[in-house]
Amino acid sequence: PATRNTRRRSKIAHSCRRAPWRRTSLPNANCILTHRKSRRAHAVIDYILYFQAAAWAFFGASHILDEGGNIKNMGWELAQFMPGKAKVKALPVEVDLCMTHICAILGSMQLTLVVMCVLAAKSKSKEVKTMALRVVLVGQVLVTAMQFYKPSGTGAEGSPATGPIPVIIAMALPVVYANFIA
């Protein structure tokens with residue numbers, strides 16, 4: 001009986017290295033301790049992906065649902081930026097429709113990022129999570145670069161010089177961190 005118990009302990013102790021079809025349903029303590037760090041990293045990455053999804057959903061939905069593409073809520077009054085000596089009271093309807101359309105496309109792409117982040121967070125694959133994090137990071141780097149290369153305003157008085165840089169940085173920092181632990 002002593003050898004049978006030893007043999008059984010040996011099987012249990014090595015169950016985490018067994019082929020998947022021979023593993024027991026509950027891993028032993030050694031397996032849990034070995035994979036605890038990677039489980040924490042996956043949980044942190046999932047939370048970061050969900051945070052990104054929530055933030056992009058907030059921005060994207062406002063561009064789609066708000067009348068005028070959320071331009072006025074961002075502090076822009078398009079008519080005041082029109083060149084010329086006489087102040088324009090209102091823009092032609094076509095310009096408003098064009099801006100609304102462009103903002104709706106922007107919002108749609110932001111909601112696409114939401115879907116990507118949620119699906120990646122729900123995935124068990126590390127590669128999928130890493131790819132989603134890198135896509136979001138590239139997007140945020142490009143958005144930050146455009147704040148300086150193509151400023152958000154026109155240079156006229158009252159026109160914003162850049163977008164909300166602190167918000168952009170606050171959204172990018174968790175993604176940078178997640179890329180290092182992924």
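Above this text is the structure in question.
Anyway, here's the lowdown on the structure attached to this text. (Residues numbered from 1 in each chain as written. Predicted model: local features only at pLDDT ≥ 70, side-chain atom pairs only at ≥ 80, totals over all residues. Heavy atoms only, no water.)

The subject of this paragraph is the packing of helix α4 (residues 126-149) against helix α5 (residues 165-181). When two helices pack together, you describe them by how their axes are tilted relative to each other and by the distance separating the axes. For the pair α4 and α5, interaxial distance at closest approach is 9 Å and the crossing angle is 150 degrees. Classed by the angle they form, the pair α4 and α5 counts as roughly antiparallel. Note on packing geometry: the crossing formed by α4 with α5 is left-handed. Contacts between α4 and α5 pair Thr-130, Leu-133, Arg-134, Val-136, Leu-137, Gln-140, Val-143, Thr-144, Gln-147 and Phe-148 from the former with Ile-165, Ile-168, Met-171, Ala-172, Val-175, Val-176, Ala-178 and Asn-179 from the latter. Class assignment for the residues of the contact of α4 with α5 results in 12 nonpolar, five polar and one charged. (Axes fitted to C-alpha atoms, helices over the stretch in contact; angles between N-to-C directions. Helix = DSSP H or I, 4+ residues; strand = E, 2+ residues; numbered from the N terminus. Parallel < 35°, antiparallel > 145°, perpendicular 65-115°, else oblique. Left-handed = near helix turned anticlockwise from the far one by under 90°. Contact = heavy atoms within 4.5 Å. Nonpolar A, V, L, I, M, F, W, Y, C, P; charged D, E, K, R; others polar.)

The next thing to look at is the environment of Ala-104. One can find Ala-104 in helix α3 (residues 93-122). Spatially, the C-alpha atoms of Ala-104 and Ser-62 are 9.0 Å apart, while their sequence positions differ by 42 residues. When near neighbours in sequence (up to four residues on either side) are disregarded, Ala-104 contacts His-63 and Ile-64.

Let's shift gears to the pattern of salt bridges. Evaluation of the coordinates by the stated rule reveals one salt bridge. Put simply, Lys-129 and Asp-46 hold a salt bridge, and the shortest N to O gap is 2.5 Å. Pair noted here: Lys-129 is in helix α4 and Asp-46 is in helix α2 (residues 29-65), with a separation of 83 residues, a long-range link. Residue class for Lys-129 comes out buried when judged on its relative accessible area of 3%. Take Asp-46: its relative accessible area is 18%, and that puts it in the buried class. (Salt bridge = Lys/Arg side-chain N within 4 Å of Asp/Glu carboxyl O. Buried < 20%, exposed > 50% of the residue type's maximum accessible area, 1.4 Å probe, protein only.)

Within this structure, the stated rule accounts for two aromatic pairs. Aromatic pair Trp-56 and Phe-59: ring centres 6.5 Å apart, planes at 70 degrees, arrangement edge-to-face. Of this pair, Trp-56 and Phe-59 both sit in helix α2, three residues apart, roughly one helical turn. Given a relative accessible area of 27%, Phe-59 falls into the partly exposed group. Summarising the aromatic geometry, the rings of Phe-58 and Phe-59 are spaced 5.5 Å apart at their centres and angled 65 degrees between planes, so their arrangement reads as edge-to-face. Accessibility expressed as a relative area gives 59% for Phe-58, which makes it exposed. (Phe/Tyr/Trp six-rings, centres within 6.5 Å; stacked < 30°, edge-to-face > 60°.)

On to the environment of Val-141. Assignment of secondary structure puts Val-141 in helix α4. Counting along the chain gives 31 residues from Val-141 to Ala-172, while the straight-line C-alpha distance between them is 8.0 Å.

Formed by 16 residues in total, the largest nonpolar core has its most connected members in Leu-49 and Leu-133. When contributions to this core are tallied by element, the ones reaching two or more residues are α2, α3, α4 and α5. Here the element with the most residues in this core is α2; it accounts for six residues. Residues in contact with Leu-133, not counting those within four places in the same chain, are Ile-45, Ile-48, Leu-49, Val-175, Ala-178, Asn-179 and Ala-182. (Core = buried A, V, L, I, M, F, W, Y, C linked by side-chain atoms within 4.5 Å.)

Right, let's get into the packing of α3 against α4. Where α3 contacts α4, the axes come no closer than 8 Å and their chain directions differ by 155 degrees. Relative to α4, the element α3 is oriented roughly antiparallel. The handedness of the crossing between α3 and α4 is left-handed. Facing Leu-113, Met-116, Cys-117, Ala-120 and Ala-121 of α3, the residues of α4 in contact are Val-128, Lys-129, Ala-132, Val-135 and Val-136. Its residues placed into classes, the contact of α3 with α4 shows nine nonpolar, no polar and one charged.

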